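Fold and geometry: a report
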Amino acid sequence: MHEFLLPLIQKALLSAGIITDKPIQIEQPADKKFGDFSTNIALLAAKECRRNPRELAQEIIQHLTFQPDTIAKIEVAGAGFINFYLAPIFIMRSVEMVLDNGGGYGKGSMGNGKKALVEYVSANPTGPLTIGRGRGGVLGDCIANLLETQGYQVTREYYFNDAGRQMQILGESVRLRYLECCGEAIDFPATHYQGEYIGEIAETLYAEHGKELLEMMDISLFKKSAETTIFASIRQTLDRLQIRHDSFFNEHKLYTAEDGDYSANQKVINALREKDFIVEYDGATWFQTTRLGQEKDKVLIKSSGEPSYRLPDIAYHITKFERGFDMMVNVFGADHIDEYPDVLEALKILGYNTERINIAINQFVTTTVDGQTIKMSTRKGNADLLDDLIDDVGADATRLFFIMRGKDSHLNFDVDLAKKQSKENPVFYLHYAHARICSLLRMGIQETGFDPTSSKEHQLLRLLSSPAEVQLGFALLNFPDMVKTSLRMLEPQKMVEYLHSLAELFHRFYQECPILKAEADICKARLFLSAATRQILRNGFRILGVSAPESM
RNA sequence: GCCCUUGUAGCUCAGUGGAUAGAGCAACAGUUUCCUAAACUGUAGGUCGGCGGUUCGAGUCUGCCCGAGGGCACCA
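Residues numbered from 1 in each chain as written. Chains lettered and ligands numbered in written order. Predicted model: local features only at pLDDT ≥ 70, side-chain atom pairs only at ≥ 80, totals over all residues. Heavy atoms only, no water.

Taken as a whole and assessed by the stated rule, the structure comprises 21 aromatic pairs. Seen in terms of ring centroids, Tyr 159 and Tyr 316 are 3.8 Å apart; in terms of plane orientation they differ by 5 degrees. Their pairing is stacked. You can see Tyr 159 sitting in strand S6 (residues 153–160) and its partner Tyr 316 sitting in helix H10 (residues 310–322), a full 157 residues away along the chain. Assessed through its relative accessible area of 8%, Tyr 159 is described here as buried. By relative accessible area, Tyr 316 is classed as buried at 0%. (Phe/Tyr/Trp six-rings, centres within 6.5 Å; stacked < 30°, edge-to-face > 60°. Helix = DSSP H or I, 4+ residues; strand = E, 2+ residues; numbered from the N terminus. Buried < 20%, exposed > 50% of the residue type's maximum accessible area, 1.4 Å probe, protein only.)

And the structure:
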């Protein structure tokens, strides 16, 4: 609808001779008595024009020209707001587009073929996925879906490292458990991986090899075995949530030189050295961030000669630019919050446009079971496994609960609520609206032989004018704007809220307006409206990665 | 001690410098001869953590204080 109003206002400003560099903001007032849409442009422009806002608003209104039957009323209100009331007939006419476009309704061309990269999950294969990772995974997946609806060519990437120190410890942990299987007495250090899965991997090795690995001091076989098993389990868990990646980027690539060339890591050092941001002391190589006003320099190469995580991170981001991505989104958990500023600083120094990088940070998750809040802690056994949560509440509830709060909010995952089969549970409420429409349409075909999904008599929608119908129709038209808002804010939560309110409006319509019992044309019109609602629910569910049950 | 996020109704949370601060759930009171009552309607519920500042206007920006979560490694 913004596409409809924005040009109208722009033209009015132009013909009224009002010049302002303030952006035209169109919002939907919380209270319907202030119209369907409203703009505060007169308030914003008043200051620079040195005019009274209300007078200015009045003048803008006089220069607004539009087709009859589109806008029912325009008024100046409050301090100088301009409020628009759409004509019901215009709303219902517009709903026809939902049916005409079907699954394509809500798609946009913001991306226009541009290449986008979304990096998410990116857990190293040291253990099964935790609930906290799940939130980021779902968030990233939804953001990727949103980008796709806007015409971006999206790559979903998983960045991992199977070479570092943590992986060494992992291999060592498996070896120790293996020795245990062989009946050796061992001392298992607290610094090693405590989870039960380590023992399971060791047992598998014991079953395959017996005691023949007993004397093997090289841990690479143990490490490899652990990595393969754990990665398989991670991917299986992600698969249960419909989270998929197109690309798995192994950090190790950045360490190795190709054809006598420098490694990607070394190139970063060279380039930063050229910019005079590299210093060496204490046996290590440092990124001189003190020159940027920070308290301490940051280590890039440890005195052991190994790069610290920061160096490959910078090199990795450079590959994103080199691979030609116009837009990049990194989804991180709150524990990585201190990681990215240094990376961005380095990229800026090296001349990359860091405005193309968007950081989406999600706060942590606590779960509530039987009214008891359980705090999540990483690296402490396996009390917070994502798999267990999916077993408990199902994939749809897991996904939806992760994104139904803003990513900045410290999510409280109420496991009992997620399992409830009633409207208290938002998953259920959304599913029910969809299933109810499916049932209604089935019944409609049975009783009247009319199928709104194959009929083209969409213009019958114009017969509808009751408040419940018009409000539902209006909500449907907001879908494209909601998609854009969700993407702009990198916040799928907006979509969840929108769909919830849509479901609510449908239930009210269903309650107030008899459908199959109505006069033939009205019946058809209402079935069209129902079909359009179902279409939007489906389009929204697809973005959120939630199923659309046909019956319940 | 420093940095990031956060504090809004009983609970879980929206709120993009603008109008009398909203929603869902819970609570209370109603609605089914009728397409799924797995639903709908209505009522009540607030010192926007606290104290200052910026301005025509602050829940929103800013300073300090208090509470919560996270981070402050030659771990990732």
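Okay, the nonpolar core next. Leu 147, Phe 413 and Leu 544 are the most contacted members of the largest nonpolar core, which has 146 residues in total. Of the residues forming this core, the biggest block, 12 residues, is contributed by helix H19 (residues 520–544). Residue assignment places this core across two domains, with domain 1 (2–86) and domain 3 (423–544) each supplying three or more. Residues within four places of Phe 413 in sequence aside, it is in contact with Val 365, Thr 366, Thr 367, Thr 368, Leu 389, Val 393, Ala 397, Thr 398, Phe 401, Phe 402 and Ala 418. Counting 27 residues, the second largest nonpolar core, distinct from the first, contains Ile 269, Ile 301, Leu 344 and Leu 350. (Core = buried A, V, L, I, M, F, W, Y, C linked by side-chain atoms within 4.5 Å. Domains from an automatic or database assignment. Contact = heavy atoms within 4.5 Å.)

Moving on, we get to the pattern of salt bridges. A side chain with one charge may pair with a side chain of the opposite charge, provided their charged atoms come close. Under the criterion given, the structure shown has 23 salt bridges. One salt bridge in this structure joins Asp 141 and Arg 156, with 2.7 Å as the shortest N-O distance. Of this pair, Asp 141 sits in helix H5 (residues 131–149) while Arg 156 sits in strand S6; the two residues are 15 residues apart in sequence, bridging distant segments of the chain. With respect to burial, Asp 141 and Arg 156 carry one shared label: buried. Glu 180 is paired through a salt bridge with Arg 177; the nearest N and O atoms lie 3.1 Å apart. With Glu 180 and Arg 177 both in helix H6 (residues 165–181) and three residues apart, this pair spans about one turn of that helix. Look at Glu 180 and you get partly exposed, because its relative accessible area is 39%. What makes Arg 177 buried here is its relative accessible area of 16%. Several salt bridges share partner residues, and in doing so they unite Asp 141, Glu 148, Arg 156 and Arg 399 into one network. (Salt bridge = Lys/Arg side-chain N within 4 Å of Asp/Glu carboxyl O.)

Moving on, we get to the domain arrangement of chain A. In terms of domain boundaries, chain A breaks down into domain 1 (2–86), domain 2 (256–306) and domain 3 (423–544). Centre-to-centre, using C-alpha coordinates, domain 1 lies 30 Å away from domain 3. Residue-level contacts link seven residues of domain 1 with four residues of domain 3. With both sides pooled, the region where domain 1 packs onto domain 3 buries about 460 Å², and carbon together with sulfur makes up 49% of that total. Across the contact surface, domain 1 and domain 3 share zero salt bridges. Linking domain 1 to domain 3 there are one residue pair in polar contact (both at pLDDT 80 or more). For the side of domain 1 that touches domain 3, the class distribution of residues is two nonpolar, two polar and three charged. (Buried area = accessible area lost by both parts, 1.4 Å probe. Polar contact = N/O pair within 3.5 Å; in protein donor to acceptor, adjacent residues only side chain to side chain. Nonpolar A, V, L, I, M, F, W, Y, C, P; charged D, E, K, R; others polar.)

The local shell around RNA strand B holds 63 residues, among which Lys 302, Asp 338, Lys 423, Tyr 432 and Arg 436 are the closest. In RNA strand B, atoms within 4 Å of the protein come 63% from sugar and phosphate. A distance of 2.3 Å separates a phosphate oxygen of RNA strand B from a polar side-chain atom of Lys 423. Contact between RNA strand B and Gln 511: a sugar or linking oxygen at 3.4 Å from a side-chain N or O atom of the residue. Of all the secondary-structure elements, those providing two or more residues to the surface near RNA strand B are helix H2 (41–49), strand S4 (81–86), strand S9 (284–287), helix H15 (426–448) and helix H18 (493–512). It is H18 that contributes the most residues to the surface near RNA strand B, nine residues altogether. Its residues assigned to classes, the surface near RNA strand B shows 23 nonpolar, 20 polar and 20 charged. (Near = heavy atom within 4 Å.)

Looking now at helix H17 (residues 479–488). Think of an α-helix as 3.6 residues a turn; residues three or four steps apart then line up on the same face. For H17, a buried count of seven out of 10 residues is recorded, marking the element as mostly surrounded by other parts of the structure. Turning to H17, its buried residues number three or more, namely Phe 479, Pro 480, Asp 481, Met 482, Val 483, Ser 486 and Leu 487. Looking at the packing, one finds that the buried side of H17 touches helix H1 (2–16), H5, helix H16 (467–477), H18 and H19. The first or second residue beyond H17 is Leu 490, which carries a positive phi of 50 degrees.

For the pair H6 and helix H7 (residues 196–209), interaxial distance at closest approach is 8 Å and the crossing angle is 60 degrees. When the interaxial angle is binned, H6 and H7 end up oblique. Here the hand of the crossing between H6 and H7 comes out right-handed. Contact with H6, carried on its side by Leu 170, Ser 173, Val 174, Arg 177, Tyr 178 and Cys 181, involves Ile 198, Gly 199, Ile 201, Ala 202, Glu 203, Leu 205 and Tyr 206 of H7 and no other residues of that element. Looking at the contact of H6 with H7 residue by residue, the class counts come to nine nonpolar, two polar and two charged. (Axes fitted to C-alpha atoms, helices over the stretch in contact; angles between N-to-C directions. Parallel < 35°, antiparallel > 145°, perpendicular 65-115°, else oblique. Left-handed = near helix turned anticlockwise from the far one by under 90°.)

Let us look at the sheet that holds strand S10 (residues 298–301). Strand order in the open sheet made by the three strands is S8-S9-S10, with antiparallel pairing throughout. With one partner strand each, in any of the chains shown, strand S8 (278–281) and S10 form the two edges of the open sheet. The sheet shows a mean angle of 45 degrees between the axes of neighbouring strands, direction not considered. Across three bridges, S9 lies against S10 in antiparallel orientation. Across the sheet, the residue bridging to Thr 285 is Ile 301, located in S10. Packed on one face of the sheet, helix H9 (residues 264–274) meets S8, S9 and S10 and runs near 105 degrees to S8. (Pairing = 2+ DSSP bridges.)

Glancing now at the sheet that holds strand S3 (residues 71–77). With antiparallel pairing, the four strands of this open sheet are ordered in space as S1-S2-S4-S3. The two strands at the open ends of the sheet, each matched to only one other strand, are strand S1 (26–27) and S3. Across two bridges, the pairing between S1 and strand S2 (residues 37–39) is antiparallel. Bridge assignment links Glu 27 to a residue of S2, and that residue is Ser 38.

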